[in-house]
Amino acid sequence: MAASELYTKAARVWIPDAEDVWKSAELIKDYKNGDASLQLLLEDGTNLELKLDPKTNNLPYLRNPDILVGENDLTALSYLHEPAVLHNLKVRFTDSKLIYTYCGIVLVAINPYESLPIYGSDIINAYSGQNMGDMDPHIFAVAEEAYKQMARDERNQSIIVSGESGAGKTVSAKYAMRYFATVSGSASDANIEEKVLASNPIMEAIGNAKTTRNDNSSRFGKYIEIGFDSRYRIIGANMRTYLLEKSRVVFQADEERNYHIFYQLCAAAHLPEFKNLRLSSANDFLYTRQGRSPVIDGVDDAKELCTTRHAFTLLGINESSQVGLFQVLAAILHLGNVEIKERDSDSSLIPPNNRHLTAFCELVGVAYQDMSQWLCHRKLKTATETYIKPLPRLQATNARDALSKHVYAKLFNWIVEHVNKALVTNVKQHSFIGVLDIYGFETFEINSFEQFCINYANEKLQQQFNMHVFKLEQEEYMREQIPWTLIDFYDNQPCINLIEAKMGVLDLLDEECRMPKGSDDSWAQKLYNTHLKTCSLFEKPRMSNRAFIIQHFADKVEYQCDGFLEKNKDTVNEEQINVMKASKFDLLVQLFHDEEKVTSPTGPVPGTGGRTRLSIKPDKSRDSSCKEHKKTVGCQFRNSLQMLMGTLNATTPHYVRCIKPNDFKLAFSFDPKRAVQQLRACGVLETIRISAAGFPSRWTYQEFFSRYRVLMKQKDVLPDMKLTCKNVLEKLVEDQDKYQFGKTKIFFRAGQVAYLEKLRADKLRVACIRIQKTIRCWLARKKFLRKRGAAITIQRFTRGYQARCLAKFMRRTQAATIIQKYQRMCVEKKRYQQKQAAALAMQTILRAYQARQLYQTLLREHKAVLIQKHIRGWLARCWYKRCLEAIVYLQCCIRRMRAKRELKKLKIEARSVEHFKKLNKGMENKIMQLQRKIDEQNKDHRLISEKLVGLESSYATETERMRAELSRLRGVEEDARSRANQVSSLLEELEKLKKELSVTQQEKKSIEDWAHTYRNQMEKVLSELKDENGSLKKEKDDLNRRIQEQSQQMTEKMARAIAQETHQLETELNEERSRYQNLLSDHLHLEEKYDDLKEEMARSSNMSKPGHRRTDSTHSSNESEYTYNSEYAELEEGSRAGEDMTRGIDTSLTLKLQKRVTELEQEKQSLRNELENKEEQFQRARARDDAEFRKARGAELEYESLKRQELESENKKLRHDLSEMRRSLLADAATGAGAPGSPAYKVLLDQLNASCEELEVRKEEVLILRSQLVSQKEAMHHKVRMVLHLLTFQGDVINLICAQPAFVLLTQQFVAKLHQKQTGSRNGLKCEA
Ligand SMILES: Nc1ncnc2c1ncn2[C@@H]1O[C@H](COP(=O)(O)OP(=O)(O)O)[C@@H](O)[C@H]1O
Ligand SMILES: [Mg+2]
């Protein structure tokens, strides 16, 4: 498969990155073979042109399909390379919070730095008995697998936990141990599993310390074998430790601590049992204060000590031993505080009575003098003599520290030994599972002897791992019969050889150590000389002559040679040891007792049972060479490692690789750089590499067939599945090297599955797209339809709503308009009315004002007129007066003038006699006139006086009359008053009458009741009668029906008879008719004959009278017509003659026939008559029936009345008897009793009589009532109304009377009338009653 096929556009690749190690990118252009660069698009959107190395022309790694990301097993990834592994781990860890992942047989555990809820007993139970692949990756799954394999294969197992410091090795090992303890349970009651677990706090207290990387870092390697019996129950355990970091006892870097136990003791210094230890705060001791961090967050050392002591007790280390241990530990602390002073440059001294040295000596039971002596001096032995050499201060201090370290190491071993003793068992061990918790590959800035040892150990472990993986692979290939030579795998034997072989690094170091003047530098030179040319894995740094580089499997590590020799020798002042050996303190003696026996200060403890099966013997030659001299640390370590390897190789290993995700102990934070570093170091990537180098992907034929069935055509599928797979695969993958056909499986090289997957995915994608297309279309259409429906519905509702809103709005608007209208109208009306009122008021006021003005003006005018009038009058009068006066004056003047003239004249006259005479005569006339006048007046006077007298007399009479009238009127008034009094009495009477009326009404009511009951009875009787009537009616109906039926039958019969008869007659008639027809035909025949005869006769007559025709010749012009006429006439005649003949022949018959017809008609008539008669009869019968019925009914009624009458008469009779009896009784009483003193009796009798009479009357009344029963009600109503009317009328009248005393007379009349009316009405009522 060409690269160009995979590196197509949109293919995703990993490109190296400085920060993230690997960065994802996408190809934006297809790669063609020979291209110098790739066009990439990074995830952040930037474009990148990746230059390809022209030499190697290596293409970047391809990314796995997303579906594979997050796989439980990294080897399941199709592209197996570092970025894929890293990415998968990262995704699982950060996104899914999954800390465990399989990488083939390796469990990768990433430290979460957060306690997770995945270690409970329920989880243990869940994993117990399960297959590894069935469950999520977990340390429990690995433990379960080991446990299961132990049982299944009867083989010892080991779990190898490795990783950096702080990666979680110890925790993982602890969980594995807990798993075994929980799952297996102990065989005895000794709670061995508890003890196994209890070893942890002890080992942690003495072997763990706080480092910058891990607050609880184990400073030693540990291999613990958990022993099981034949039933796979825990029976015991054994522990081996490796490379305890002794230097920590005397020195700690910044932020680090010494072993926990020191701090635990210092924290509990105040306890009474620790009083003699003379301890105080950890800050008071040099060995505990150098790191300047005596406290760990969240850890209470005092509490931890309790746990430790409890664990000690549990493991059988008694209180006194514990106190001894604590004494030694306290002594170490005190020893550290012993200050060695400089005496001169070559010698040193300890001031006498040093408090700490005293405490030390007392605690370990050694002589102060000896101790202070040998702390500052040393014994030098030569072949001939020994002499004591003083030590310079620095050397003395180093010797002191060496002693401290030595004592601590002894103590550590002693504890391990005792723990093992406590965990050992007598029961025969059947098998074991070892858990190795050992530091992983380390590389620092400056790497020293410790790192060298650690990396050496890891190199060995990696070799073991590789061998194991390789072996497994090989086995699989063998099984599948595939040539295993195809696998190329990394072997780190050269590196191991470089370290441990003869003339190897360690060998040279030992040799250098044995040299009297050996130094680190000379050793380095030796190394360079030996290896630089021969071994490619060994390098010399360019800038340094005191360092060397070893190419380990994981990385290149540069080691500084400084201190290698010293550390390898690990020498202690022998005199000091002797002093210690001479101790009175039991424990110390024990510690130093087997100084010679112990092969390694931190090596395996011999004599622990249960390991006897392991027959790993160290290299004898080397061992003996070591024995010759004191064994160096390197030698010891190599031996113990050899032994460990032997053990591991004899077991089935299980690998747990712990990864520290970041250096800051941050929870779930993934630093890809650090992770890659560790992945490389712990061999995970190597596993991957091995997997990738071979055929990492394996499919059984069945799996392959079912998975890639989609890639096969129908014709490809053969009955033999293997053959099918082979054919198909050959077609799909051209390169034959990319796969191998095994017995049951097909083996693929890395990436082939991805390629096949790609093909499959492509095919599926095409199919999928087609399905999607169809479904999407269908869905879209459905959605569209639904949407449209919904839209329509929404529209409908919305429109409805809008319409309703509009209608509502319009209605409201209209209502508002109306309201407004009315309101406005109201307002306007009010305003108008106000205005009108105001206008009116104004008008009124104005008009009034105007009127007043007018009036005023008028008045004024009037007044003016008046004034004017008066003035004018006055003026006129004035004027007139003046005029008059003037006139008078003028007159006066004139008259005076005239008088003067007259006077003059008269004077002249008077002077004449005549004048006197005349005057006299006039005077006489005048007197006569006056005399006449007086006479007349006297006459009048007399007449008037006479009249006056007459009038006076008439006046007197009139007054007299008037007076009489007055007196009469007064009398009348009095009378009226008395009448008024009478009215009141009448009113009383009226009241009485009313009462009477009510009484009578009550009576009437009772009578009515009685009448009602009577009526009911009558009704009952009536109903009975009705019933009877009904039954009779029914009978009648029955009869009627019967009659009807009969009549019907009759009519039917008659009709039938008639029909028959008519039918008969008709047939007869028909017969007659046919006969008649025959006759007619005969007749015609005869006529014909007759005609013939006639013709013949005519012919004969014609022949006798030939000129006959000529007589008619005059009419020749009309011959034809004539002839015809004549012929016709002749024919007629002839026929008539014929007729006559036939008539003559058939008249009798026709007559007969006619007679018959008339007879028949008569018969018919008679039948009809009969029918009518019958009907009449029937009618009559019915009428008769009716009459009878009516009669019967009348009779019934009569019978009823008769009965009633009878009853009444009987009643009368009875009453009569009663009265008779009473009378007789009365008579008896009058005679027999002779009780004149019994008036009561009489009264009673009277009453009885009266009541009887009344009863009689009532009865009569009742009789009358009954007759009027129906009409009574109406009448009653009418009467009652009348009475009420009357009463109201009375009230009115009374009021009138009271109000108008003047109408007394009228009242009287009314009252009288009323009385009459009342009596009348009562009578009427009575009568009615
Ligand atoms: N599985 C885990 N779950 C939670 N915390 C863990 C887990 N593994 C490790 N740790 C944390 O990391 C710390 C260091 O683990 P430890 O096993 O002591 O490391 P190592 O032994 O590799 O030096 C522990 O104290 C603990 O807090
Ligand atoms: Mg640890």
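Scroll up to find the structure this text is about.
Computed from a predicted structure; not experimentally measured.

A. Molecular detail of helix H10 (residues 301-314). Taking 1.5 Å per residue as the helical rise, H10 with its 14 residues ought to reach 20 Å, and the 19 Å between its terminal C-alpha atoms agrees with that figure. Looking only at H10, the buried set comprises Asp301, Leu305, Thr308, Arg309, Ala311 and Phe312. Down the axis of H10, the buried set is contained in an arc of 160°. They therefore lie on one face. Turned more than 90 degrees from where H10 packs its buried face, Lys303, Cys306 and His310 sit exposed. Those residues of H10 that are buried lie in contact with helix H6 (192-207), helix H8 (260-267), helix H11 (319-337) and helix H14 (393-423). The opening residue of H10, the one whose side-chain oxygen lies 3.2 Å from the backbone nitrogen of Ala302, is Asp300. Following H10 by one or two positions, Gly316 has its phi on the positive side, about 80°.

B. Fine view of the pairing of strand S24 (residues 745-748). Examined bridge by bridge, strand S22 (residues 697-700) and S24 share 4 bridges and lie antiparallel to one another. Note that in S24 the partner of Thr700 across the bridge is Lys745. Inspection of the sheet shows strand S23 (residues 739-741) paired to S24 by 3 bridges, in the antiparallel sense. Bridge pairing links Phe741 to Ile746 in S24.

C. Local environment of the coordination of the magnesium ion (ligand 2). Summarising the metal site, the magnesium ion (ligand 2) is bound by the protein donors Thr170 (OG1) and Ser218 (OG), whose distances to it range over 1.9 to 2.1 Å. Taken together, the residues Thr170 in helix H5 (residues 169-184) and Ser218 in strand S10 (residues 217-218) connect sequence positions 48 residues apart.

D. Expanded view of the site of ligand 1. In the vicinity of ligand 1 lie 17 residues, with Asn111, Gly166, Lys169, Thr170 and Asn214 positioned nearest. A distance of 2.8 Å is found between an oxygen atom of ligand 1 and a backbone nitrogen or oxygen belonging to Val171. When ligand 1 is considered free in solution it has 550 Å² of accessible area, and contact with the protein chains removes 84% of it. Per-element tally for the shell around ligand 1: the top contributor is H5, with 3 residues. Its residues placed into classes, the shell around ligand 1 shows 6 nonpolar, 8 polar and 3 charged.

E. Up close: the environment of Asp30. Mapped onto the fold, Asp30 is located in the loop between strand S2 (21-27) and strand S3 (37-42). Looking at Asp30, the relative accessible area reads 37%, which means it is partly exposed. Distance from Asp30 to Lys9, taken between C-alpha atoms, is 4.6 Å for residues 21 residues apart in sequence. Not counting residues within four places of it along the chain, the set of residues in contact with Asp30 comprises Tyr7, Thr8, Lys9 and Asp35. From its side chain, Asp30 meets the backbone nitrogen of Lys9 in a polar contact 2.3 Å long.

Reading the values: rules and limits
Think of each chain on its own: its residues are numbered from 1, step by step along the sequence as written. Chain letters and ligand numbers both follow the written order, the letters beginning at A and the numbers at 1. In view of the model being predicted, local features appear only for residues whose pLDDT reaches at least 70, and side-chain atom pairs are presented and counted only at 80 or more, with totals across whole chains, interfaces and linings using the full set of residues. To obtain the side-chain values, all non-hydrogen atoms of the structure were included, while hydrogens and water were left out. Here a helix means four or more residues in a row that DSSP labels H or I, a strand means two or more in a row labelled E, and each is numbered from the N terminus. Here the expected length of a helix is defined as 1.5 Å per residue gap, with one fewer gap than residues. For every residue, the accessible area (1.4 Å probe, protein chains only) is compared with the maximum for its type, and the residue is labelled buried under 20%, exposed over 50%, or partly exposed between those bounds. Within this analysis, the arc is defined by the directions that extend from the helix axis to the C-beta atoms. The criterion used for residue contact is that any of the two residues' heavy atoms lie within 4.5 Å. Within 3.5 Å is the distance limit for a polar contact, defined as a pair of N or O atoms, with the added protein rule that one can donate a hydrogen and the other accept it, and that residues adjacent in sequence qualify only through two side-chain atoms. The criterion for strand pairing is that DSSP finds at least two bridges linking the strands in question. Each metal site is built from N, O and S donor atoms within 2.8 Å (3.2 Å for Na, K and Ca), and since water is not included, such sites may look incomplete. In these notes, residues near a molecule or strand are those with any non-hydrogen atom within 4 Å of it. Using a 1.4 Å probe, accessible areas were evaluated by the Shrake-Rupley method; residue-level cover was limited to the displayed protein chains. Each residue is assigned to one of three groups, with Ala, Val, Leu, Ile, Met, Phe, Trp, Tyr, Cys and Pro labelled nonpolar, Asp, Glu, Lys and Arg labelled charged, and all others, Gly among them, labelled polar.

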